[in-house]
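# Architecture at a glance
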Amino acid sequence: GNSVTQMEGPVTLSEEAFLTINCTYTATGYPSLFWYVQYPGEGLQLLLKATKADDKGSNKGFEATYRKETTSFHLEKGSVQVSDSAVYFCALTETNAGKSTFGDGTTLTVKP
Amino acid sequence: DGGITQSPKYLFRKEGQNVTLSCEQNLNHDAMYWYRQDPGQGLRLIYYSQIVNDFQKGDIAEGYSVSREKKESFPLTVTSAQKNPTAFYLCASSIDASNQPQHFGDGTRLSIL
């Protein structure tokens, strides 16, 4: 079956530091890959996505590249802000699978 | 504005009672999903529906039931058979059952009195 493995948290960084959250996946076909963000007490919001190998998703300064050869989709941001503190989820969906597979989430705390 | 509405935000249940969580979407999405979120365990899929009048069990369906009589509505019933129902429940929808992203509601936090 499909699976998503995320870097364990929590991750604590100082403001303006570089962020990397690792995500690797196992899938039987050719999935689309997603990063979602969850702020306290809220649902998940789509942060970025990539639908095929070598695609780069980007949004709000965050980036992730779909690497088929390493089955990875690592999330990066060059300079984090306190407002980026949240839980980040990596996920995959295979065409016509009808459902997504989520990682366990990585909690990021950014300190001023 | 289009979106997903979950109600109520907080819900309390006495042991032995069934309780129904509401999920409504006005995005005209075909597919809808229910997840359970426990601290440190990510999201676990309870049930999902790809189209009206059809739904499938997810990974942890025992003790839960759903219906999908209307496209915009996908209520979840937590029955007395669910032994540990205290959790944060999230409803989501997507355009269809292909590789589209999911849109989430703000969740319902269920607690046992």
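What you see is a predicted model, and the numbers here were worked out from it, not measured in a lab. (Residues numbered from 1 in each chain as written. Chains lettered and ligands numbered in written order. Predicted model: local features only at pLDDT ≥ 70, side-chain atom pairs only at ≥ 80, totals over all residues. Heavy atoms only, no water.)

### A short note on the sheet that holds strand β8 (residues 76-78) of chain B
All names here are of chain B. Put simply, the test is: Here the rule is simple: two strands pair whenever DSSP picks up at least two bridges between them. Going along the chain from the N terminus, every DSSP run of H or I of four or more residues is numbered as a helix, and every run of E of two or more is numbered as a strand. To get an axis, a line is fitted to the C-alpha atoms, and for a helix only the part in contact is used. The angle between two axes follows their N-to-C directions and goes from 0 to 180 degrees.
Spatial ordering of the open sheet is given by β1-β3-β8-β7, a layout of four strands whose pairing is antiparallel. The outermost strands of the open sheet, each flanked by one partner alone, are β1 (4-7) and β7 (64-66). Each strand of the sheet is rotated relative to its neighbour by a mean of 20°, with strand direction disregarded. In this structure, β7 lies alongside β8, joined through three bridges in antiparallel fashion. In the sheet register, S65 faces β8, and the bridge partner there is T77.

### Structural notes on a nonpolar patch on the surface
Residue and element names in this part refer to chain B. Going by this rule: Every patch collects residues that have over 30% relative accessible area and no salt bridge, joining them within 9 Å if they carry like charges and within 5 Å if they are nonpolar side chains (Val, Leu, Ile, Met, Phe, Trp, Tyr). Throughout, the Shrake-Rupley method with a 1.4 Å probe supplies accessible areas, and for residues the shown protein chains are the sole cover considered. For this analysis, a salt bridge means a side-chain nitrogen from Lys or Arg found within 4 Å of a carboxyl oxygen belonging to Asp or Glu. For the exposure calls, accessible area comes from a 1.4 Å probe over protein chains only, and a residue counts as buried if that area is under 20% of its type's maximum, exposed if over 50%, partly exposed in between.
Together, Y10, F12 and L113 make up a nonpolar patch on the protein surface, roughly 400 Å² of accessible area in all. Mapped onto the fold, Y10 is located in strand β2 (residues 10-13). With a relative accessible area of 54%, Y10 lands in the exposed category.

### Some details on the packing of aromatic side chains
By convention here, two paired aromatic rings are described through the distance between centres and the angle between planes. Heads up, the condition is: Working definition: a ring pair exists when centres of Phe, Tyr or Trp rings (six-membered ring for Trp) sit within 6.5 Å. Plane angles under 30 degrees give stacked, over 60 give edge-to-face, the rest tilted. Two conditions define a charge sitting above a ring: the NZ of Lys or the CZ of Arg must be within 6 Å of the ring centre, and it must be within 35 degrees of the ring normal.
Within the structure shown, the criterion is met by twelve aromatic pairs over all chains. Taken together, a centroid distance of 5.7 Å and an interplanar angle of 80° make the contact between A:Y36 and B:F104 edge-to-face. You can see A:Y36 sitting in strand β5 (residues 32-38) and its partner B:F104 sitting in strand β10 (residues 103-104), one on each of two chains. According to the relative accessible area criterion, B:F104 is buried, its value standing at 11%. Note on B:Y64 and B:Y89: the rings are 5.9 Å apart at their centroids and 65° apart in plane angle, and the pair reads as edge-to-face. Here B:Y64, found in strand β7, pairs with B:Y89, found in strand β9 (residues 87-94); they are 25 residues apart in sequence, far enough to count as distant. Across the pair, B:Y89 and B:Y64 agree in class, each one buried. The aromatic ring of B:F74 is capped on one face by B:R68, whose charged end is 6.0 Å from the ring centroid.

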